[in-house]
Each structure stands twice: as structure tokens, then as C-alpha cells.
Amino acid sequence: MTPEKYPVSMRLMHWLMAICLLGMIASGWYMSGLDGDAPNKYDLYPWHKSFGVLLLGLILLRIIIRLKSTLPEIQNTIPGNEQMLAKVAHFLLYALMLLVPLSGFIMSDIGGRDIYFFGIPLPDLLDTNKPISGFFHTIHSYIGYVLLSVVVLHIAGAMKHRFMDSPENDVLKKMM
Ligand code: HEM
Ligand code: HEM
């Protein structure tokens, strides 16, 4: 039988990662905007990297859970074009949740920077190459903000179905 809600594991992952991801975008934006000689410039970097590596692990686990789960159906009262938009947005969110931390990891590792996971040093996997690190820095910055834009669209969609549609189109109750 098709469940009415997402499985508990997916709901927990969804809300836990949503909070962490928004914190990561805010911390990344704040710390990279500080002047190079600001005394607190590098205070947040180890936390940003540690939570980033944690999120990289969590998104891999989340994709596995997603592939093994039976999901609730999309309400067929929702117009086809909106169903399609939601599917595209969800696919993009998964792709970006994977690519943003991966690009951050590659940028730091290939840039010759140490990466600690909450104090534990991680192995240096890639040979240092500054120009390639610069390329991944650009990728990391841009797609971090693309992720934020898709999240804003995603929240707007959830709010529209909850407050502007008929009650049977409410998708939020499946994720609560
Ligand atoms: C989902 C996880 C992550 C998100 C959402 C995220 C997001 C961001 C954002 C939005 C910025 C600001 C970019 C800018 O304005 O230039 C940033 C900067 C940065 N991120 Fe991440 N990041 C994540 C994971 C990681 C990981 C795993 C690492 C490395 C292990 C990392 C290393 C960095 C560094 C070093 C900066 C500062 C770059 C600079 O000083 O210009 N990030 N991140
Ligand atoms: C960083 C923030 C967020 C990310 C990355 C994110 C990501 C996702 C993803 C990937 C799905 C698809 C689940 C699947 O079918 O596999 C989803 C579903 C959902 N999300 Fe989010 N989400 C975020 C924040 C939010 C917020 C703040 C809300 C509510 C205001 C929300 C409401 C929902 C709802 C209602 C669904 C179910 C949609 C449906 O079944 O049609 N999300 N989210």
C-alpha cells in the first residue's frame, strides 16, 4: 500500500539537512566576505569544512535511503506542469546537495589546505594544483548560491500548495 507520508528516516534527513545547509550557506557567505586580515577571518573555516564533510556523507546516505524507500504519491489533483516542476526541483536539489560539498572538498584538498573532520585530520587525497583549486572555488561559490535559489523556489512551491490551493493539494503534511 502507498504510504501517506514520507518514511520517518527521509523526514528526519530532510529537516536536519535543511537546517545544516542553510547554516552552511550563511557561514560560507559570511566567512568568505571577511577581509583577509580580519582577526576572526579563519575562525569559522574548520567548522564549515567539518559540517560540509558531514553533509557530504549524509547526502550519500540520503540518496541510498531514497532509492530503497516507498514514497507517498504526488497528489493527482496537482496540475501536471506543477508536478513536473517539483520533480525537476527535487532532482536539482539532490544533485546540488552532492556537488556543493564535493566541490568544497576538492577545492580545499587540491589547494593544499588541511581538512579536519571535527578535529580528526583527513588524508590528503589529491596532488596540489592551485589553478584547478581556483576553478573549484568558483564552482563552489556559484553552485552554493544556485542551491539557495532552488531552495527558495522549493519553499515557495510548498507554501503555495499549503496556503493557496485546496487542502488535498497540501504536500507539506507528507513531510511533517
Ligand atoms: C553542503 C555543504 C556546503 C555548502 C552549502 C557550502 C557553501 C559555501 C558558500 C555559499 C560559500 C561562500 C562562497 C563565496 O561567497 O565565495 C562557501 C565558502 C567556502 N567553503 Fe563551503 N560549502 C559546503 C561544504 C564545504 C566543504 C565540504 C568544504 C571543504 C572541505 C568547504 C570549504 C569552503 C571554503 C574553504 C570556503 C571559503 C572560500 C573563500 O575563502 O573564498 N565547503 N561554502
Ligand atoms: C535546504 C533546504 C531544503 C532542501 C535541500 C530540501 C530538499 C528536498 C528534497 C530533495 C525533496 C524531495 C524528496 C523526495 O521526493 O525525494 C524535498 C521534499 C519536500 N520539501 Fe524540502 N528541502 C528544503 C527545505 C524545505 C523547507 C524549508 C520546506 C517547507 C517550508 C520544505 C518542504 C518540502 C516538502 C513539503 C516536500 C515534499 C514535496 C512533495 O512530496 O511533493 N523543504 N525537499
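Residues numbered from 1 in each chain as written. Chains lettered and ligands numbered in written order. Predicted model: local features only at pLDDT ≥ 70, side-chain atom pairs only at ≥ 80, totals over all residues. Heavy atoms only, no water.

**Student:** Explain the coordination of the iron atom of ligand 1 here, please?
**Tutor:** Tetrahedral coordination by four donors places them ideally at 109.5 degrees to one another around the metal; octahedral coordination by six donors ideally gives 90 or 180 degrees. Here the iron atom of ligand 1 is held by the protein donor atoms His 48 (NE2) and His 140 (NE2), which lie 2.0 to 2.1 Å from it. Taken together, the 6 donor atoms coordinating the iron atom of ligand 1 and their angles of 86 to 180° define a geometry best described as octahedral. A residue pair is termed long-range when its members are at least 10 positions apart, and His 48 in helix α2 (residues 45–68) and His 140 in helix α4 (residues 130–163) qualify at 92 residues. For the pair formed by His 48 and His 140, the shared burial category is buried. (Donors = N, O, S within 2.8 Å, 3.2 Å for Na, K, Ca; no water. Tetrahedral: all angles 85-135°; square planar, octahedral: opposite > 155°, others 65-115°. Helix = DSSP H or I, 4+ residues; strand = E, 2+ residues; numbered from the N terminus. Buried < 20%, exposed > 50% of the residue type's maximum accessible area, 1.4 Å probe, protein only.)

**Student:** Would you take a moment to explain the coordination of the iron atom of ligand 2 for this structure?
**Tutor:** All of the protein donors around the iron atom of ligand 2 are His 14 (NE2) and His 154 (NE2); their distances to the metal are 2.0 Å. Relative accessible area serves as the criterion here: at 14%, His 14 is assigned to the buried category.

**Student:** In this structure, what is going on with the nonpolar core? I would like to understand it.
**Tutor:** One broad rule of soluble globular proteins: the nonpolar side chains tend to lie buried together. Ranked by size, the top nonpolar core spans 22 residues in total, and within it Met 17, Leu 21, Leu 55, Leu 93, Met 97 and Leu 147 carry the most contacts. Looking at this core, the element that brings in the most residues is helix α1 (residues 8–33), giving 7 residues. The contact partners of Met 97, leaving out residues within four places of it in the chain, are Met 17, Leu 21, Ile 59, Arg 62 and Leu 147. (Core = buried A, V, L, I, M, F, W, Y, C linked by side-chain atoms within 4.5 Å. Contact = heavy atoms within 4.5 Å.)

**Student:** Sorry, what's going on with a nonpolar patch on the surface here?
**Tutor:** Where nonpolar side chains cluster on the molecular surface, the patch consists of Leu 22, Trp 29, Tyr 30, Tyr 145, Leu 148 and Val 152 and spans about 610 Å² of accessible area. Counting residues per element, the ones that place at least two in the nonpolar patch are α1 and α4. Within the secondary structure, Tyr 30 sits in helix α1. (Patch = residues over 30% accessible without salt bridge, like charges linked within 9 Å, V, L, I, M, F, W, Y side chains within 5 Å. Areas by Shrake-Rupley, 256 points an atom, 1.4 Å probe, with all protein chains shown as cover. Salt bridge = Lys/Arg side-chain N within 4 Å of Asp/Glu carboxyl O.)

**Student:** Any chance you could explain the site of ligand 1 here in plain terms?
**Tutor:** Among the 24 residues in the neighbourhood of ligand 1, the closest are listed as Tyr 45, His 48, His 137, His 140 and Tyr 145. One nitrogen or oxygen atom from the side chain of Tyr 45 is found 2.4 Å from an oxygen atom belonging to ligand 1. The cavity that encloses ligand 1 is the second largest pocket. Every element with two or more residues in the shell around ligand 1 is listed here: α1, α2, α3 (80–110) and α4. In terms of residue count, the dominant contributor to the shell around ligand 1 is α1 (7 residues). (Near = heavy atom within 4 Å. Polar contact = N/O pair within 3.5 Å; in protein donor to acceptor, adjacent residues only side chain to side chain. 1 Å grid on protein atoms, 1.4 Å probe; cavity = no way out; pocket = protein on both sides within 12 Å on 5 of 7 lines; lining within 4 Å. Sits in = over half its atoms within 2 Å of the grid points.)

**Student:** Sorry if this is basic, but what is going on with the pattern of salt bridges here?
**Tutor:** Scanning all chains against the criterion turns up 3 salt bridges. When the shortest N-O distance is used, the salt bridge between Glu 82 and Lys 160 registers 3.2 Å. Of this pair, Glu 82 sits in helix α3 while Lys 160 is found in helix α4, placing the two residues 78 residues apart along the sequence. Among the salt bridges present, the one from Arg 162 reaches Asp 170, with a minimum N-O distance of 2.8 Å. Exposure remark for Arg 162: the relative accessible area of 36% places this residue in the partly exposed category. What makes Asp 170 buried here is its relative accessible area of 9%.

**Student:** How do you make sense of α3 when you look at a structure like this?
**Tutor:** An α-helix turns once every 3.6 residues. As a result, residues three or four positions apart point the same way. Taking 1.5 Å of rise per residue, the 31 residues of α3 would be expected to cover 45 Å, and the 44 Å separating its terminal C-alpha atoms lies within 8% of that figure. Following α3 by one or two positions, Gly 112 adopts a phi angle in the positive range, close to 80°. (Expected span 1.5 Å × (residues − 1).)

**Student:** Just checking my understanding: could you explain the layout of surface pockets for this structure?
**Tutor:** Here the largest pocket defines a volume of roughly 1300 Å³. Lining the largest pocket are 43 residues; nearest its centre among them are His 14, Ala 86, His 90, Leu 93 and His 154. No other element matches α3, which puts 12 residues into the lining of the largest pocket. Residue assignment for the lining of the second largest pocket shows that the elements contributing at least two residues are α1, α2, α3 and α4. Class assignment for the residues of the lining of the second largest pocket results in 19 nonpolar, 12 polar and 4 charged. (Points joined across faces, edges and corners; volume = space filled by probe spheres on them. Nonpolar A, V, L, I, M, F, W, Y, C, P; charged D, E, K, R; others polar.)

Function cannot be read off these values alone, since they describe shape.
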